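Chains, contacts and geometry: an overview
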Number of protein chains: 2
Amino acid sequence: MSAAAWTELLERARGGHVPSISRLISGLESRQPGTSEVLTDVYAAGGRAHVIGITGSPGAGKSCLVNALLGELRGRGMRVAVIAVDPSSSLTGGAILGDRIRMQDHALDQGVFVRSMATRGRLGGVSRATVDAVAVLDAAGWDTVIVETIGVGQDELEIVRIAHTTAIVSVPGLGDDIQAIKAGLLEVGDIHVVNKADRPGADRTAAELTGMLMLSDLRASGWTLPVLLTVALDGTGLPEFADALAGHLAWLRSSGELVRRERVAAAASIRAIAKELLIERIQDPAVGSRFDELVEAVAARRTDPTSAARILVDGVARPSDLNPEKTL
Amino acid sequence: MSAAAWTELLERARGGHVPSISRLISGLESRQPGTSEVLTDVYAAGGRAHVIGITGSPGAGKSCLVNALLGELRGRGMRVAVIAVDPSSSLTGGAILGDRIRMQDHALDQGVFVRSMATRGRLGGVSRATVDAVAVLDAAGWDTVIVETIGVGQDELEIVRIAHTTAIVSVPGLGDDIQAIKAGLLEVGDIHVVNKADRPGADRTAAELTGMLMLSDLRASGWTLPVLLTVALDGTGLPEFADALAGHLAWLRSSGELVRRERVAAAASIRAIAKELLIERIQDPAVGSRFDELVEAVAARRTDPTSAARILVDGVARPSDLNPEKTL
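Residues numbered from 1 in each chain as written. Chains lettered and ligands numbered in written order. Predicted model: local features only at pLDDT ≥ 70, side-chain atom pairs only at ≥ 80, totals over all residues.

**Remarks on the packing of helix 6 (residues 126-139) of chain B against helix 11 (residues 257-283) of chain B**
All names here are of chain B. Definition in use: The angle between two axes is taken between their N-to-C directions and runs from 0 to 180 degrees, where each axis is a line fitted to C-alpha atoms and a helix contributes only its stretch in contact. Secondary structure elements follow DSSP: runs of H or I no shorter than four residues count as helices, runs of E no shorter than two count as strands, and numbering proceeds from the N terminus. Angles below 35 degrees are treated as roughly parallel, those above 145 as roughly antiparallel, those between 65 and 115 as roughly perpendicular, and all remaining angles as oblique. It is the rotation of the near helix from the far one that decides the hand of a crossing: anticlockwise by less than a right angle makes it left-handed, clockwise makes it right-handed. Residues are treated as contacting if the C-beta atoms built from their backbones sit within 7 Å of each other.
Where helix 6 contacts helix 11, the two axes come as close as 8 Å, and the packing angle between them is 140°. Here helix 6 lies oblique to helix 11, going by the angle between them. Seen from above, helix 6 lies across helix 11 with left-handed handedness. Note on element contacts: helix 11 touches helix 6 through Ser269, Ala272, Ile273 and Glu276, opposite Ser127, Arg128 and Val131.

**Section: the environment of alanine 309 of chain A**
Residue and element names in this part refer to chain A. We apply this condition: The burial criterion counts other C-beta atoms lying within 10 Å of a residue's C-beta, which is placed from the backbone; the residue is buried at 20 or more, exposed at 12 or fewer, and partly exposed between these limits.
Relative to the elements of secondary structure, alanine 309 occurs in helix 13 (residues 305-316). A tally of 27 C-beta atoms within 10 Å means that alanine 309 is categorised as buried. Residues alanine 309 and glutamate 208, spaced 101 residues apart in sequence, show a C-alpha to C-alpha distance of 43 Å.

**What about the environment of valine 193 of chain B?**
All names here are of chain B. For valine 193, the position within the fold is in strand 6 (residues 191-194). Separated by 153 residues in the primary sequence, valine 193 and threonine 40 have C-alpha atoms spaced 36 Å apart. Apart from the residues within four sequence positions on either side, valine 193 is in contact with Leu65, Ala167, Val169, Leu228, Thr230 and Phe241.

**Structural notes on helix 6 of chain B**
Just so we agree on the cut-off: One less than the residue count of a helix, multiplied by 1.5 Å, gives the span that helix is expected to have.
With 14 residues, helix 6 of chain B ought to run about 20 Å at 1.5 Å a step, and its terminal C-alpha atoms sit 20 Å apart, in line with that. For helix 6 of chain B, the tally of buried residues reaches 14 of 14 residues, placing the bulk of the element in the interior.

**Topic: the nonpolar core**
Definition in use: The term nonpolar core means buried Ala, Val, Leu, Ile, Met, Phe, Trp, Tyr and Cys residues held together as one set by C-beta atoms within 7 Å.
Ranked by size, the top nonpolar core spans 183 residues in total, and within it Val136, Leu137 and Ile270 of chain A together with Val136, Leu137 and Ile270 of chain B carry the most contacts. In this structure, isoleucine 270 of chain A is in contact with Leu294, Val295, Val298, Pro305, Ala308, Ala309 and Leu312 of chain B, ignoring residues within four places of it in sequence.

**Quick word on helix 9 (residues 202-215) of chain B**
The end-to-end C-alpha separation of helix 9 of chain B is 20 Å, in line with the 20 Å expected for 14 residues at 1.5 Å each. Looking at the buried residues of helix 9 of chain B, the elements they touch are strand 5 (165-170), strand 6 and strand 7 (227-229) of chain B.

**Looking at the environment of glycine 71 of chain A**
Along the chain, glycine 71 of chain A turns up in helix 4 (residues 62-75). Residue glycine 71 of chain A is classed as partly exposed on the basis of its 16 C-beta neighbours within 10 Å.

**Concerning unusual backbone geometry**
Negative phi characterises most residues that are not glycine, and trans characterises most peptide bonds. All names here are of chain B. With a phi close to 55°, arginine 31 is a non-glycine residue in the positive phi region. When you line up the elements, arginine 31 lands in the loop between helix 2 (18-29) and helix 3 (35-45). Look at lysine 196: it is not a glycine, yet its phi comes out positive at around 55°. Counting through the fold element by element, lysine 196 comes out in the loop between strand 6 and helix 9. Using a count of 24 C-beta atoms within 10 Å as the deciding quantity, one classes lysine 196 as buried.

**Regarding the pairing of strand 1 (residues 50-56) of chain A**
Residues and elements named next belong to chain A. To be explicit about the condition: At least two bridges found by DSSP between two strands are what make those strands a pair.
Most of strand 1 is tucked away: seven of the seven residues are buried. Residue alternation in strand 1 divides its side chains into two sets, His50, Ile52, Ile54 and Gly56 and Val51, Gly53 and Thr55, and both sets are buried. Where strand 1 and strand 4 (residues 144-150) come together, seven bridges link them in parallel fashion. Residue pairing in the sheet places threonine 55 in a bridge with threonine 149 of strand 4. Pairing of strand 1 with strand 5 (residues 165-170), which is carried by five bridges, proceeds in the parallel orientation. Paired with threonine 55 across the strands is isoleucine 168, a residue of strand 5.

**What to know about the packing of helix 4 (residues 62-75) of chain B against helix 10 (residues 238-255) of chain B**
All names here are of chain B. As a reminder, the rule being used: Each residue gets one of three labels, nonpolar for Ala, Val, Leu, Ile, Met, Phe, Trp, Tyr, Cys and Pro, charged for Asp, Glu, Lys and Arg, and polar for the others, Gly among them.
Where helix 4 contacts helix 10, the axes come no closer than 10 Å and their chain directions differ by 75°. For the element pair helix 4 / helix 10, the angle class is roughly perpendicular. Along the contact surface, helix 4 presents Ala68, Leu69, Glu72 and Leu73, while helix 10 presents Leu238, Pro239, Phe241 and Ala242. Counted by class, the contact of helix 4 with helix 10 contains seven nonpolar, no polar and one charged residues.

Geometry only, nothing functional implied.
See below:
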């Protein structure tokens, strides 16, 4: 397709045509010729959607909660998209299956868009694909774009930062590991949700969370971090969750924090995508034969992995102590 | 410290002096002058330890299981080290606290070494630190080095590949998210453990796992993937777990698979460390001012994050289409 054809597709997407949105996201994801030109127009057209990150421990029922939230926000007349950053492998096709199951509730609804981004066994980077998909839906006039991620892993925590508002989902009665994850996630959370709140221990989990938040200096920003109880399966607490999300957006706007968040999101996007581009260069076939040599040397213990990695990196990277003007 | 002093420290570490091991690991981690020279000696001295990866869903009780395994292996006369790659933040000091709690059981035991690597808020890369810590313990003559990681996230899955033998820990009765993680982990698992097997549903979880493994082509390698039931808290199944680990090592040796695994481990180590070195170059202050400019341009929607990332990467990276001989 020509750049002009992609521009036409963007116009149709902006007119609310869902299949055009899908094609544009797929085209950008697989870097089809002509798409890099349309990307600037996509970004120029955006900036209105409320981007919400929803993250938390596996087993907290995030998918189910997001599905319920989708219904709640649709009931309020919003068009809602979900980008699920899914750590499943290509082995089981989990991501595609997940989309189908989740779309069943909203299959005929033109105001709903759901897409999974599997993080393994795929071409290109998942961060780039996620960032661009959010931008397409924003440009297409979607009111809310939810980015659902698993709340563990360094790359996964970075991608959460592209959201304006981040909700962290916990669940009562999981083990000690969860506490560690919560600690890593605390810093990025604007709203805390204890899901499966009909289970024993929900109030204690909520109280512990509130306690952790009180001890941290996260409340100093002026936004009071809510800790909400939900039961996704029967809709309990969903109106309050939707209200909290809307309340946070209103606060971002009135406090001027929105401008700072846009910068944080831009920085996180650039960093995540740059990381992916660099990895690609290392995996380039032109570098491959040298890589195999280095692997042999390390496996035979003739050198150490750090020295080998440095040789590889020096191969693709310029030394950082050059004059920045000249380097960049 | 001079390179000679680090070499002396390595000699003391090889003589079984635990504080020297700690100092060497810390020195390598913080890249103290003279440590890069000693690293080659560290790697040359290693190659005997059985490196075991233990990973799985948060809440599966990995820490507790590793602690119980430590006791079991100590009972068999082995010296055992645990490197816990911990995703907690610097906010709560979870990692250090975790070490203290876990060390209580083995505090006076000179054949036990436990260390946590927090993945956030730290200098240098956690992959490099983990790879080097394993190498130091190997060089110091430790029989078994357990690398405990959380089984989610792309970087976290990569680091698992440095192990000779990987055990995946599951737990009965967690949600659908777990299935997706299992799928991502299935490919790297040599031994499956269903922990908390006194809970309802343990047999079903084990049967489901066995079913998933039967459907996959992972059994084609010649190693029959065991699915074990454990209760870490009372020691149930721990002897069988230790036997399975020893059995896998024996199989690796007799089948010749060990040589291939050493190459996979070397490749994973180099890739993970190269990634960290590249990220450092992007975060270099010399690149920083240009980064801020790009963030402004993206936040103002004058450009898109991918174009910005490409400018940044072109600043530190050479084009990959150069003659590889010349480039590398």
